[in-house]
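# A structural walkthrough
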Protein chains: 2
Amino acid sequence: MVLPGPPGELRPMWDDAVTDDLVRAALAGAAELRQATVRLWGPPEAELAEVLRAHEDGPSADGFADLEVTTCLRDGELEVVTRYAPTAQPAYDALLAALHAHFGAQVFSDDDRTVDEVVADLLRGRGATVATAESCTAGLLAGRLADRAGSSAYLQGGFVTYANEVKTSQLGVEEALLQRVGAVSEEVAVAMARGARERLGTTYGISVTGVAGPDGGTAEKPVGLVHVCVSGPDGDEPRELRLGGSRAHVRARTVVSCLHLLRELLTTAGPV
Amino acid sequence: MVLPGPPGELRPMWDDAVTDDLVRAALAGAAELRQATVRLWGPPEAELAEVLRAHEDGPSADGFADLEVTTCLRDGELEVVTRYAPTAQPAYDALLAALHAHFGAQVFSDDDRTVDEVVADLLRGRGATVATAESCTAGLLAGRLADRAGSSAYLQGGFVTYANEVKTSQLGVEEALLQRVGAVSEEVAVAMARGARERLGTTYGISVTGVAGPDGGTAEKPVGLVHVCVSGPDGDEPRELRLGGSRAHVRARTVVSCLHLLRELLTTAGPV
């Protein structure tokens, strides 16, 4: 059974859950209830819905009706939460296999870990350290990297370079470059990430420079255009984001995008 | 009428509001409804409740029953939201006068502005600029200072100095000082704020160094101990905070405390 997911919040799921026969049985002690969460980064919600429908109608759907599957879009990530009785474990295994088969590396967690936990585990596993260089997010990325206790194992520190002069004085971004291509550009994002990495001597430097709005947009560089970059032992990995929504939404989504870029590089990187 | 305030959220107020006669009348177009918000920093909730009761029973309480007063504690700030019909304006003016008379400078806003807006207006009015130096908040203060559009008028940038070596290399905090008094100390908070101010050439430098927890606390420096400092043209203003709650709560409350310290100094400071 696939329930339509609430937008951005899991809480309403509980209203469904407590009126569900399966959950009622579990609450009454009649059955152990398992819950598993799969998280994806990249695919649109519609694609996930289609994959779930195809699986339901497909040859490996035995027992699918015994799974209670809820999907939820949050901060650009897709969450698939499944509740099931132990007898439905083979059906859940088949669903998980279908998700992995279709989405591949877009499945970034199938063991309930958040992207923050995945990144933290990857950094710790490699003994890698990070430094940040932030313009429009102005510290929110570094702040998020420090959300978890023990983050000093990988977060060394960072720079908030809101004014262009600070990008030059603290990160070594050349003034001529800023004048030629503007602060919101791939070239400046690369220079910021390199500057942070070099100055703090870390494995990785992560930078953000963008137009968070609501003012400051132009035809060429509209509100929501953000350049980010991770620089590391394997070179520079810049990305251009085109984000919609409010100033707060642009900044929040940028932070999540940086965590996923770092995660992807850490997953595929060679030995440090 | 004084309604008990919901803890930490205004939303439940609306449930009360829409069933209220006064509001019903306003929604029906029968009456213009005014709403005013007074914000306080410092007094405990119980003191505010006592002041409201004393006013209600006092000589200037004429028409107090026509005011719908709700109080709310959020992020350590107290909010007093009053809804009233235009005919009750004198009663509201008397209430506002009573709040100002009792709480003085603890009333930081009586025109609906948040502390973020008050600080932004003060900084812009003085043409003052700020730089941050953050350890346990790790960028959340700078990120908050950049929440508002146009914040580049006063926020130049800042430093996330999570590791001690970064406090030394980027802010000039002496290694010997760190070893002697430890990173979480008034002396290091002062050195960090000075370092940020000097390196970015700003009017003010604001620093944070603390034990956000849940680990890392000692008998002498327990979880929740945070030293902050604002350095400016009139010298250094360090403060010691003793905060309770989770890691997230300690960090969030620290950010709010820094905004209020900056606001207080900007309110009383001489000309820049």
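Residues numbered from 1 in each chain as written. Chains lettered and ligands numbered in written order. Predicted model: local features only at pLDDT ≥ 70, side-chain atom pairs only at ≥ 80, totals over all residues. Heavy atoms only, no water.

Looking at an unreviewed UniProt entry, one finds chain A named CinA-like protein and attributed to Nocardioides aquaticus.

The interface of chain B with chain A comprises 31 residues on the first partner and 31 residues on the second. Both sides together, the interface formed by chain B and chain A hides about 2100 Å², and carbon and sulfur atoms give 55% of it. On the chain B side of the interface with chain A, the three residues burying the most area are Gln156, Val160 and Tyr162 of chain B, jointly 23% of the side's total. Counting the contacts that link chain B with chain A gives 2 salt bridges. (Contact = heavy atoms within 4.5 Å. Buried area = accessible area lost by both parts, 1.4 Å probe. Salt bridge = Lys/Arg side-chain N within 4 Å of Asp/Glu carboxyl O.)

What follows covers unusual backbone geometry. Residue and element names in this part refer to chain A. Cis geometry marks the peptide bond from Gly213 to Pro214; its omega dihedral reads 0°. Looking at the secondary structure, you find Pro214 in the loop between β8 (204-210) and β9 (225-232). Residues other than glycine seldom take positive phi values, yet Asp112 does so here, at roughly 80°. Looking at the secondary structure, you find Asp112 in the loop between β5 (107-109) and α5 (115-126). Of note in the backbone geometry, Ala138 takes a positive phi value of approximately 50° without being a glycine. Within the fold, Ala138 resides in the loop between β6 (130-134) and α6 (140-145). Owing to a relative accessible area of 0%, Ala138 belongs among the buried residues under this scheme. (Helix = DSSP H or I, 4+ residues; strand = E, 2+ residues; numbered from the N terminus. Buried < 20%, exposed > 50% of the residue type's maximum accessible area, 1.4 Å probe, protein only.)

Turning to the sheet that holds β6 of chain A, a few remarks are in order. Strand order in this open sheet of 10 strands is β10(A)-β9(A)-β8(A)-β6(A)-β7(A)-β7(B)-β6(B)-β8(B)-β9(B)-β10(B), and the pairing throughout is mixed. Where the open sheet ends on each side, the last strands, each with one partner, are β10 (235-242) of chain A together with β10 (235-242) of chain B. Strand-to-strand twist in this sheet, taken as the mean axis angle between neighbours without regard to direction, amounts to 10°. Alignment of strand β6 (residues 130-134) of chain B against strand β8 (residues 204-210) of chain B, held across 5 bridges, turns out to be parallel. Across the sheet, Thr132 of chain B pairs through a bridge with Ile206 of chain B, a residue of β8 of chain B. (Pairing = 2+ DSSP bridges. Axes fitted to C-alpha atoms, helices over the stretch in contact; angles between N-to-C directions.)

What follows is about the relation of the copies chain B and chain A. The two copies are related by a screw motion: chain B maps onto chain A through a turn of 180° and a shift of 0.0 Å along the axis, at an RMSD of 0.1 Å. Interpreted geometrically, this transformation is the action of a two-fold axis. No C-alpha of chain B approaches the rotation axis more nearly than that of Gly139 of chain B, which lies at 1.9 Å. (Least-squares fit on C-alpha atoms with pLDDT ≥ 70 in both.)

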